[in-house]
Amino acid sequence: MKAGVAAGHPATAAAGVEILAEGGSAADAGVAAGLAACVAETVMTGLLGGGHAIYYDAASGTARNLDCFCAVPGLGVEPSEPELVHLKVPFGVEVVHYAIGPASCAVPGVPAGLGALWEGHGRLPWARLVEPALRLARDGVEMPPAHAACLAMLEPVMTMHEGAQIYAPGGRLLRSGERLLQPGLVAALESLAGEGTAGAYRGTIGRALLDLARQRGGQLTEGDLAGYEASWSEPHETAWLGMRLLSRDGLSSVPAAVSRLPRLHRLTPADRIVELVGALDGGGGPETHTTNLVAVDADANACVLTTSLGLGAGEWLPGLDLHLNSMLGEVDLLQGPLEPGARMQSMMAPSLVLDGDGLVLAIGAAGGTRLRSALVTVAAGILDERLEPQEAVERPRVHPIGTVVHAEPGVDEDGLAALEAAGRTVQHWPERHHYFGGVSLAGLTGAGFDPRRSGAAVSVPAAT
């Protein structure tokens, strides 16, 4: 598998490849790219969000999951009902309900997760991994088409408070090709370079978080930040196509979905769509804004990292330009009692597929409830139907929600007609859209990136 990075923005991928070219591990590249995403992809993710990762160690042939998702706040204080701000936002052909505001912010996990990846599998100095993101923060970064389209949709949230100066300087929303400037991120990243990721909990960023919570009605406490830790665990293993799928279970339901899939390469295009929809059934709810990256190093180690802010709380840390997450306003994630300190549920599913010789596919997806559909469809296209990675990513997708099947242009019409004859309602989207998720991957025959999210894949340059 060729060394390189696939991600949701060209600058994110370039940051990871820069580190790989210096001999960094897949974890080093994942950390550098993850930090770069917190500058280049702030419409989709941010340092104060949560995430999940999976890391493959080629020498031992083993993999571990890393949980750095958000935790429920409120340690050390009396429980109270959060005061959330409710919004309705047009999203493609749907109107989506959101709950945001300072009280929607859960305990962030991304900094701790990046620190755990580096401590567990890194090679290069921590400060070096921050440098690509810091450079992006100083110089600004170009807004790609999919991010600009997402920003336009989310304008009511992204231009609240300090966000107005960032995303609508001079009173006009940023457009594709224009430069996104977030000068406060320079100070935030400089603090991380000097203090390490602990600074996000007990240093410069942590203190700013607690100050904002006290001033604006947030729920974070000193105990929340002091007690947060990223945690490693064994991945969930599923037999699939004579190989081993290593992923997460829970809300993602990826293992269950692949277990329901028949062999797709034997089916007609119409039957393939019907069977895919049947395997992917279940899920719905609000859009969350997420990104994913995959890094593979020269030793065939691999890191898949998925991160998100939810929608984003519409609140930024003054002077640091860090957007707060809105995970406590994401209704699909509020499963069971919300006990302070407990880890919240997530649909993220960074995944690996291994055969008897080692790693075959490293893949992850963004897209909230569409994440499962995007990931499973693309993985099956590569591993079962033998499509080239980029072809599998770009192929039109479907996503079922109850009796409604959402379909991109180009999905087999006979298959959609069969679904309608069976009682489904087909929602035809007028164009390819980031609603249908964003996949990034590395496989034996190449990498893949998602044009729905203006992604990119970059290989490490050959030595001269």
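These numbers come from a predicted model, not from an experiment. (Residues numbered from 1 in each chain as written. Predicted model: local features only at pLDDT ≥ 70, side-chain atom pairs only at ≥ 80, totals over all residues. Heavy atoms only, no water.)

1. Observations concerning the pairing of strand β19 (residues 425–428)
Part 1 of the reasoning: Bridge count between strand β18 (residues 404–407) and β19: four bridges; the pairing is parallel. Opposite H406, over in β19, you have Q427 as the bridge partner.
Part 2 of the reasoning: One crossover worth recording links β18 to the parallel β19 by way of helix α16 (residues 413–421), and it is right-handed. (Pairing = 2+ DSSP bridges. Helix = DSSP H or I, 4+ residues; strand = E, 2+ residues; numbered from the N terminus. Right-handed = clockwise from strand over helix to strand, strands pointing away.)

2. Examining the state of the cysteines
Simply put, disulfide is the name for a covalent bond between the sulfur atoms of two cysteines.
Part 1 of the reasoning: Under the defined criterion, the tally for this structure stands at zero disulfides.
Part 2 of the reasoning: Unpaired in terms of disulfides, C70 finds its nearest cysteine sulfur in C105, a separation of 7.2 Å.
Part 3 of the reasoning: Residue classification places C70 among the buried positions, given a relative accessible area of 0%. (Disulfide = S-S within 2.5 Å. Buried < 20%, exposed > 50% of the residue type's maximum accessible area, 1.4 Å probe, protein only.)

3. Focus: the packing of aromatic side chains
Part 1 of the reasoning: Per the counting criterion, the structure on display carries six aromatic pairs.
Part 2 of the reasoning: Seen in terms of ring centroids, W429 and F436 are 5.4 Å apart; in terms of plane orientation they differ by 75°. Their pairing is edge-to-face.
Part 3 of the reasoning: Using a relative accessible area of 4% as the deciding quantity, one classes W429 as buried.
Part 4 of the reasoning: With centroids separated by 5.1 Å and ring planes inclined at 75°, the aromatic side chains of Y435 and F436 adopt a geometry described as edge-to-face. Per residue, the accessibility class of Y435 equals that of F436, and both read buried.
Part 5 of the reasoning: Connected via pairs of aromatic rings, a cluster forms that spans W429, Y435 and F436.
Part 6 of the reasoning: The ring of W232 is capped by R64, whose NZ or CZ atom sits 3.9 Å from the centre of that ring.
Part 7 of the reasoning: Sitting over the face of the ring of Y435, R370 holds its NZ or CZ atom 4.5 Å from the ring centroid. (Phe/Tyr/Trp six-rings, centres within 6.5 Å; stacked < 30°, edge-to-face > 60°. Lys NZ or Arg CZ within 6 Å of the ring centre and 35° of its normal.)

4. Points about the sheet that holds β18
Remark on secondary structure: sheet strands pair via backbone hydrogen bonds, oriented parallel or antiparallel.
Part 1 of the reasoning: With mixed pairing, the three strands of this open sheet are ordered in space as β17-β18-β19. Sheet topology places β17 (398–401) and β19 at the edges, where each strand pairs with a single neighbour. With direction set aside, neighbouring strand axes in the sheet form an average angle of 25°.
Part 2 of the reasoning: Bridge count for β17 against β18 is four bridges, and the pairing is antiparallel. What sits directly across from P400, in β18, is V405.
Part 3 of the reasoning: Strands in contact with α16 are β17, β18 and β19; relative to β19, the strand with the most contacts, it is inclined by about 140°. (Axes fitted to C-alpha atoms, helices over the stretch in contact; angles between N-to-C directions. Contact = heavy atoms within 4.5 Å.)

5. Considering helix α8 (residues 184–195)
Part 1 of the reasoning: Given a rise of 1.5 Å per residue, twelve residues ought to cover 16 Å, and the 17 Å separating the end C-alpha atoms of α8 matches this to within 8%.
Part 2 of the reasoning: Along α8, the positions that sit buried rather than exposed are G184, L185, V186, A188, L189, S191 and L192.
Part 3 of the reasoning: Buried residues belonging to α8 abut α2 (26–40), α4 (126–139), α9 (199–202), α10 (204–216) and β14 (322–323).
Part 4 of the reasoning: Once α8 finishes, G196 follows within two positions and takes phi at roughly 75°, a positive value. (Expected span 1.5 Å × (residues − 1).)

6. Quick word on the nonpolar core
The nonpolar side chains of soluble globular proteins are, as a tendency, buried together.
Part 1 of the reasoning: Ranked by size, the top nonpolar core spans 91 residues in total, and within it L35, L47, L189, I205, L317 and L322 carry the most contacts.
Part 2 of the reasoning: A total of eleven residues in this core trace back to one element, the largest contributor, which is α2.
Part 3 of the reasoning: Leaving out residues up to four positions away in the same chain, L317 has contacts with L48, I205, A208, L209, L212, L322 and L324.
Part 4 of the reasoning: Residues L371, A374, V378 and V393 belong to the second largest nonpolar core, which totals 39 residues. (Core = buried A, V, L, I, M, F, W, Y, C linked by side-chain atoms within 4.5 Å.)

7. Focus: the pattern of salt bridges
Part 1 of the reasoning: Evaluated as defined, the whole model comprises 20 salt bridges.
Part 2 of the reasoning: Salt-bridge contacts for D211 lead to R214; the nearest nitrogen and oxygen are separated by 2.5 Å. One end of the pair, D211, and the other, R214, are both in helix α10, three residues apart, so they sit about a helical turn from each other.
Part 3 of the reasoning: Linking E315 and R216 is a salt bridge whose minimum nitrogen-to-oxygen distance equals 2.4 Å. With E315 in the loop between β12 (302–310) and β13 (316–317) and R216 in helix α10, this pair connects stretches of sequence that are 99 residues apart. (Salt bridge = Lys/Arg side-chain N within 4 Å of Asp/Glu carboxyl O.)

8. Side note on the sheet that holds strand β3 (residues 62–68)
Part 1 of the reasoning: Read from one edge to the other, the open sheet built from seven strands follows the order β8-β3-β2-β12-β11-β1-β22, with strand pairing classed as antiparallel. Strands with a single pairing partner mark the edges of an open sheet, and in this sheet they are β8 (231–233) and β22 (456–459). Taken over all neighbouring pairs, the strand axes of this sheet differ in orientation by 15° on average, direction set aside.
Part 2 of the reasoning: Note: strand β1 (residues 4–7) against β22, four bridges, orientation antiparallel. If you follow G4 over to β22, its bridge partner there is S459.
Part 3 of the reasoning: Across the sheet, helix α3 (residues 110–121) touches β2 (50–57), β3, β8 and β12, and the angle it forms with β3 is around 155°.

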